[in-house]
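Architecture and fold: a report
Listed below, chain by chain, are the residues.
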Amino acid sequence: MSGDVADGRHPSGVDIDRPSAARVYDALLGGSANFAADRALARQMLTAEPHAGRWAQANRAFLRRAVDFLLDEGVRQFVDLGSGLPTVGNVHEIVHAADPDGRVVYVDIDPVAVAHGQSLLAGDDRAAMVQADIRDVNAILADPATQDLIDPDQPVGVLAVAVLHFVADDPARILAGFRSVAAPGSHLVVSHLTTPDEMSAATVGVVAQYNTRTGTPLTFRSRAQVADLFAGWRLLEPGVVPVDAWWPEPGDLEAPGAHPRVPIWAGVGRLPY
Ligand code: SAM
């Protein structure tokens with residue numbers, strides 16, 4: 001399975017008439033791994049809130065900067081929770097550009113994302129795609145791909161980028177599960193949708209549309225609640241900030257007031273040596 005899924009090929013059992021979180025996000029990013037229902041919802045969202053695509057891109061740019069930062073810190077193995085569909089600037093591409101021996105385990109619940117990931121990574125013995133619910137930490141840790149690729153004695157980058165807002169109950173438990181087995185020097189990367197009082201009315205409407213249509217409701221968390229997700233990790237500078245303000249590179253940060261603020265918080269934490 002590869003390329004555009006608009007030709008109708010998809011893993012059996014997938015309801016292509018129901019938009020999915022992974023594929024709508026792919027459509028917002030301009031990807032081709034989505035179906036008509038996903039594209040229709042993405043179009044409706046962009047009509048109601050034209051900035052939604054820019055926010056997806058800002059989130060993706062944060063992921064790239066954070067992975068580069070972790071590589072600079074010496075992290076060479078990554079677990080990407082809720083990785084989504086393979087898209088431009090995949091984590092393993094960033095990692096392998098810096099170190100061909102770096103290792104990446106992608107985890108997603110969406111069968112289309114997993115099928116695409118497995119196809120993309122076929123023959124790559126330094127990256128793998130696991131189908132799992134991130135709430136099942138033990139299953140992810142016990143998966144043969146994780147066992148093969150992740151050395152528990154070396155620092156790991158745990159990436160939870162734009163995924164914990166899909167977890168209504170106790171995301172801290174998930175993160176504690178990974179923290180409890182992470183070596184000193186490991187890092188946690190989080191981005192997370194903010195609360196409705198921090199969003200424009202248009203964005204609140206778009207989120208409501210998304211909740212109803214995908215069946216995977218979003219849970220809002222405030223900046224303080226996102227900061228709490230770093231319990232047990234040392235939150236690094238600049239703390240929890242809007243996703244485009246986390247160590248922006250030229251072009252990443254828009255002029256203040258130019259657009260509504262990106263309604264996504266972001267931060268990185270480290271387990272001290
Ligand atoms: N992390 C990528 C990024 O930031 O570019 C993709 C984010 S996308 C908005 C969210 C992804 O999380 C989707 O691919 C969705 O399938 C996945 N997801 C949502 N809930 C999940 C769960 N409980 N377990 C695993 N993956 C989940």
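Below is a summary of the structure that appears in this document. Nothing here was measured: the structure is a model prediction, and the numbers come from that model. (Residues numbered from 1 in each chain as written. Predicted model: local features only at pLDDT ≥ 70, side-chain atom pairs only at ≥ 80, totals over all residues.)

**A short note on the packing of helix H3 (residues 52-72) against helix H4 (residues 91-98)**
At a minimum axis separation of 10 Å, H3 and H4 run at an interaxial angle of 35 degrees. Judged by the sense of rotation from one axis to the other, the crossing of H3 with H4 is right-handed. Facing Arg64, Val67, Asp68 and Leu71 of H3, the residues of H4 in contact are Val91, Ile94, Val95 and Ala98. Partitioned by chemical class, the residues of the contact of H3 with H4 number six nonpolar, no polar and two charged. (Axes fitted to C-alpha atoms, helices over the stretch in contact; angles between N-to-C directions. Helix = DSSP H or I, 4+ residues; strand = E, 2+ residues; numbered from the N terminus. Left-handed = near helix turned anticlockwise from the far one by under 90°. Contact = placed C-beta atoms within 7 Å. Nonpolar A, V, L, I, M, F, W, Y, C, P; charged D, E, K, R; others polar.)

**Here's the deal with the environment of glycine 30**
The residue glycine 30 is located in the loop between helix H1 (21-28) and helix H2 (36-48) in this model. Overall, the presence of 12 C-beta atoms within 10 Å leaves glycine 30 in the exposed class. As a C-alpha pair, glycine 30 and valine 95 span 65 residues in sequence and 23 Å in three-dimensional space. (Buried ≥ 20, exposed ≤ 12 C-beta atoms within 10 Å, placed from the backbone.)

**Considerations on the site of the ligand**
In the region of the ligand, 22 residues are neighbours, and Ala22, Gly82, Gly84, Ile109 and Phe166 sit closest. Of all the secondary structure elements, the ones that give two or more residues to the shell around the ligand are H1, H3 and strand E2 (103-108). Taken together, the residues of the shell around the ligand break down into 13 nonpolar, four polar and five charged. (Near = placed C-beta within 6 Å.)

**Here's the deal with the pairing of strand E1 (residues 77-81)**
Taken across its five residues, E1 has five buried, putting it largely inside the fold. In E1, alternate side chains face the same way, and those of Gln77, Val79 and Leu81 on one face and Phe78 and Asp80 on the other are all buried. Sheet topology note: the E1/E2 ladder contains five bridges and is parallel. Residue valine 79 lies in a different strand from E2, and its bridge partner there is valine 105. Bridge count between E1 and strand E4 (residues 157-161): three bridges; the pairing is parallel. From the neighbouring strand, phenylalanine 78 faces E4, where its bridge partner is glycine 157. (Pairing = 2+ DSSP bridges.)

**Here's the deal with the pairing of E4**
The two faces of the sheet receive side chains in turn, since in a regular strand these alternate between them. For E4, the buried fraction is high: five of the five residues fall into the buried class. In terms of strand pairing, E4 meets strand E5 (residues 187-193) through five bridges, oriented parallel. Along E5, the bridge assignment pairs valine 158 with leucine 188. Read from E4 through helix H8 (residues 171-179) to E5, the crossover connection turns out right-handed. (Right-handed = clockwise from strand over helix to strand, strands pointing away.)

**Thoughts on H1**
The buried fraction of H1 is high, at eight of eight residues. When we look at burial in H1, the residues that qualify are Ala21, Ala22, Arg23, Val24, Tyr25, Asp26, Ala27 and Leu28. Taken from the residues just after H1, glycine 30 is the one with a positive phi, measuring 85 degrees.

**Some points on the nonpolar core**
Among soluble globular proteins, nonpolar side chains are generally buried collectively. Core analysis: the largest hydrophobic core is formed by 77 residues, its most contacted members being Val79, Val105, Val107, Val130, Leu159, Ala160 and Leu188. The residues contacting valine 130, other than those within four sequence positions of it, are Val105, Tyr106, Val107, Ile140, Asp143, Ala145 and Thr146. (Core = buried A, V, L, I, M, F, W, Y, C linked by C-beta atoms within 7 Å.)

**What about unusual backbone geometry?**
Glutamate 237 connects to proline 238 through a cis peptide bond whose omega is 5 degrees. A positive phi angle, near 55 degrees, is found at aspartate 170, a position not held by glycine. With respect to the element layout, aspartate 170 can be found in the loop between E4 and H8. Exposure remark for aspartate 170: the 10 C-beta atoms within 10 Å place this residue in the exposed category.

Purely spatial values, then, with no claim about function.
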